[in-house]
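# Fold and contact review
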Amino acid sequence: MRRMLRRWRARAADATSLLGFLAKRRSLWLALLVALLLLLTGALYVVQTAAVAPYVYPLF
Amino acid sequence: MKILGLSAHYHDAAAALLVDGHIVAAAQEERFSRTKHDAGFPLQAAQFCLQRGGLRADQLDAVAWYEKPFQKFDRLLSGFLQEAPRGMGRFIQAVPLWLGARLWVRSEIADLLEAECPVYFLQHHESHAASAYGPSPFEEAAVLTLDGVGEWTTNGLWEARGCEVCPIAELQYPDSLGLLYSACTAWCGFRVNDGEYKLMGLAPYGEPRFVQTLLDEVIDVRSDGSYRLNPEYFAYRYQERMTSPAFDRLFGSAAHPPGQLPTKLQADMARSIQAITEDVVLKQARHARKQTAMRSLCMAGGVALNCVANGRLAREAVFDQLWIQPAAGDAGGALGAAFALHFRLERPTRELRDHDAQQGSLLGPEFSEQEMEEAIHRAGLTYRRLEPEQLTEQVAASIAAGNVVGWFQGRMEFGPRALGNRSILADPRDPDMQSRVNRAVKFREGFRPFAPMVLQDRVSKHFLLPCPSPYMLLTGSVIGAEPLPDPLAELNEARGLRKIRSALPAITHVDASARVQTVAAGSNPRIEALLDRFEQKTGCPVLLNTSFNVKDEPIVCSPWEAIQCFCRARIEELVIGPFVVTATDEDKKRVIALPAPTAAAQRAWGKALLEIVGGAVGFGIATGFLHSPRLGWGLLAIAATMATLRVILPSARGAVDRALAAIGKALSMILAVPALAFVFVAVIVPWGVLWGDRKRTDAEGGSLWRKPAQPTHDPKQPH
């Protein structure tokens, strides 16, 4: 549980930093592009995580 | 303060532990994983550093990451927009890597290392600069950083004083001396980030006949050492290959096929790019001296491993003193990140020191006598334990008799060079030795030279070297040696370099130079004693020293790896700590067949097997759904069975997890390729073509150095 919390805390910190970075970027296009890619990755990440996360095993 | 520095994700991942400004440990991940230039997260290296420091991960005060990942990603995306519509293949290849792991450094550290402390992000070249200045003996210095590319910076000029390391000027991607050298390396048939030192070794065989063409067409070098590359000749911004077809046309040939022996063309290119590199480094050093008015220079970054350029810099005495980080490549970034953070957070006072703080770069693992003896027992080889004096006598006599000796002592070296603790040693006076060690021991190209190690106080008898070279980072001339009049004739000579006219032919290159390692009194007592005894026996205080590995393998780390290497290569005698090991050919064959003893190696095999099975199942599911639903459902049932197994058989969890992860990976890759291709065509190409910034500001004839784009930054942020 502690490990999972630590992991998600770190991921949240990474995501916050990324949002901060996007906000700082003057070029809107880059922010949009990254957002689009992130959405795509989110979907891919779900597929990837589903394979190893114990709480989604019922999916299989 | 306890700081763990980490570098990873590109090549030569490493970890370094700094406690109150003192280097406790540093090591490259490749030495543990046994994958050369391993780029993966340096978990084993970090675990070693913590173990050496007697720490748990939760006792660390900070983790220092060696670069700013978001800025690097920004550069990557900007590059795709600039180059669109080219670069779809590279986009599809690179983006999943970034979005999958490289952007989530904190998460990776929390997950793998289980560290609770804050993670700080230093700039890539700041890490390089601190890796050079931090351990150096100077209280102030100019610092030059030269490598392929960091975030945007490719080449930096810094001023370091006390605990301040401030950027003065920089050159930015895509203008990069490191990438130019790597591009020529690839064009000559060697691997990028691996074969650069081979190119440097090849250079003396050629003529510098391409220098003018390179200067006219490919690189515009200004008088202060700043430069600009002509992008027309390079493909690395949008393809996996380094040079473009225009480069091939310019030099009248396609890139040399990897693995084939080089010819005159490659030798001439090597010589030409080496000449340009030396010229740029010298000009930059002069500019640095002028800008900073300092007497000492520190250097780091991959280009700083070019010992020929370094030797010339030392000979020209642009600066009074020179110190180069022995792990100058990205591995040293781990150490540099830790030093940079130490400077920022602890603000230490700094004084001029007699010696550097690199501790001879002997910062890796060491093994107990018991561990060594166990490994020898396991191999079932004949051995003797000798007292230090007897050991020195025995090894010196053996080398003098013409034997090649594997020498494994104390702590492993940090950085690419073996400095006398994981070395293969031989007699440099033997004219056959260069060929013999290249072909029968190291299994590598016959043209490559070997380095000498020499007692510091005897160096002037054998070499013209302007200053000590304890880390084998400078070349000097071999006294009394004559350059070969026609080195090209010897390039692929099967019998090696027997024609060299020198008293030390095995370590004399065709241009009568050598990459010298000087051994100062008290720096490494065992190797010092050996050199001393060898001199007493032969009158020669020099030994041939090459790294204890064979081609394409990392330097050995543990006694077992030393034994395996000893058995694979034609080494007559192995010295592990106080033990002298010998083996017959039959013994060696038997030992090579033995399985690796470590659980890690067995796990690696299991993991690889599971990934193959998992990948096949994942691929099957996807193709099954597309072409045959029955097959698809069948494969899905297999995956479901694996998941059930995981629940009902706790012992199988690890294995099933890895297999399922591999299935997920395969599935996500199959989905990712068309999705990313769509993103590229639908977003990148129109945006890039319409609004991509393709303009480059020009400064005709003037300096191309620019003010640092980000002179200050928040180390808590990855951008």
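All values derive from a computational prediction rather than experimental measurement.

This brings us to the overall build of chain B. Check the secondary structure of chain B and you find 23 helices and 22 strands. Of all 719 residues assigned to chain B, the portion counted as buried reaches 59%. Nonlocal contacts in chain B, meaning residues at least 24 apart in sequence, comprise 74% of its contacts between residues at least 6 apart. On chain B, roughly 27,500 Å² of surface is accessible, and the fraction owed to carbon and sulfur atoms is 54%.

On to the side chain of His719 of chain B, then. Mapped onto the fold, His719 of chain B is located in the segment after helix H23 (653-691). Residue contacts for His719 of chain B: discarding those within four places in its chain leaves Ser17, Gly20, Phe21 and Lys24 of chain A together with Lys68, Phe70, Gln71, Gln710 and Asp714 of chain B.

Right, let's get into the pattern of salt bridges. All names here are of chain B. Under the defined criterion, the tally for this structure stands at 45 salt bridges over all chains. As a salt-bridge pair, Glu83 and Arg237 come within 2.7 Å of each other at their nearest N and O atoms. Remark: Arg237 occurs in the loop between strand S10 (227-229) and helix H10 (245-251) and Glu83 occurs in helix H3 (residues 69-83); sequence separation between them is 154 residues. Take Arg237: its relative accessible area is 16%, and that puts it in the buried class. With a shortest N-O distance of 2.6 Å, Asp427 and Arg429 are connected by a salt bridge.

With that out of the way, let us pick up the interface of chain B and chain A. Counting residues at the interface gives 41 residues for chain B and 34 residues for chain A. Here chain B and chain A share an interface that buries about 3,500 Å² over both sides, 70% of which is from carbon and sulfur atoms. Three residues, Leu99, Trp104 and Glu116 of chain B, lead the burial of chain B against chain A; their summed loss comes to 16% of the area buried on that side. Joining chain B to chain A, the criterion identifies five salt bridges. Residue Glu114 of chain B pairs with Arg6 of chain A through a salt bridge whose shortest N-O separation is 3.7 Å.

Here the focus is the nonpolar core. Core analysis: the largest hydrophobic core is formed by 202 residues, its most contacted members being Leu6, Ile109, Leu381, Phe463 and Ile563 of chain B. Here this core gathers at least three residues from each of two domains, domain 1 (2-175 + 278-357) and domain 2 (369-593) of chain B. Once you skip the residues sitting within four places of it in the chain, Phe463 of chain B turns out to touch Pro452, Val454, Ser477, Val478, Ile479, Leu504, Ile507, Ala514, Val516 and Val542 of chain B. Membership of the second largest hydrophobic core comes to 31 residues, among which are Phe21 of chain A together with Phe70, Trp104 and Leu676 of chain B.

This part covers the sheet that holds strand S14 (residues 405-408) of chain B. Sheets are built from strands paired through backbone hydrogen bonds, the pairs being either parallel or antiparallel. All names here are of chain B. Taken in spatial order, the ten strands line up as S13-S22-S21-S14-S15-S20-S16-S19-S18-S17 in an open sheet, and their pairing is mixed. Bordering the open sheet on either side are strand S13 (382-385) and strand S17 (463-464), each of which pairs with just one other strand. One ladder, built from four bridges, connects strand S18 (residues 474-478) with strand S19 (residues 513-519); its direction is antiparallel. When the bridges of S19 are listed, Leu474 appears paired with Val516. Sheet contacts for helix H12 (residues 307-316): S18 and S19; angle to S18, the most-contacted strand, approximately 75 degrees. Helix-sheet contacts for helix H14 (residues 369-379) involve S13, S14, strand S21 (573-576) and strand S22 (579-582), and the interaxial angle to S22 is about 15 degrees.

Empty space among the atoms becomes apparent when a probe as large as a water molecule is rolled across them. Residues and elements named next belong to chain B. Counted according to the given criterion, the structure contains two cavities of 30 Å³ or more. One number sums up the size of the largest cavity: a volume of about 60 Å³. Along its surface, the largest cavity is lined by Arg75, Leu76, Gly79, Phe80, Arg90, Tyr173 and Arg237. A per-element tally of the lining of the largest cavity places H3 first, with four residues. Taken together, the residues of the lining of the largest cavity break down into three nonpolar, one polar and three charged.

Conventions used here
- Residues numbered from 1 in each chain as written.
- Chains lettered and ligands numbered in written order.
- Predicted model: local features only at pLDDT ≥ 70, side-chain atom pairs only at ≥ 80, totals over all residues.
- Heavy atoms only, no water.
- Helix = DSSP H or I, 4+ residues; strand = E, 2+ residues; numbered from the N terminus.
- Buried < 20%, exposed > 50% of the residue type's maximum accessible area, 1.4 Å probe, protein only.
- Contact = heavy atoms within 4.5 Å.
- Areas by Shrake-Rupley, 256 points an atom, 1.4 Å probe, with all protein chains shown as cover.
- Salt bridge = Lys/Arg side-chain N within 4 Å of Asp/Glu carboxyl O.
- Buried area = accessible area lost by both parts, 1.4 Å probe.
- Core = buried A, V, L, I, M, F, W, Y, C linked by side-chain atoms within 4.5 Å.
- Domains from an automatic or database assignment.
- Pairing = 2+ DSSP bridges.
- Axes fitted to C-alpha atoms, helices over the stretch in contact; angles between N-to-C directions.
- 1 Å grid on protein atoms, 1.4 Å probe; cavity = no way out; pocket = protein on both sides within 12 Å on 5 of 7 lines; lining within 4 Å.
- Points joined across faces, edges and corners; volume = space filled by probe spheres on them.
- Nonpolar A, V, L, I, M, F, W, Y, C, P; charged D, E, K, R; others polar.

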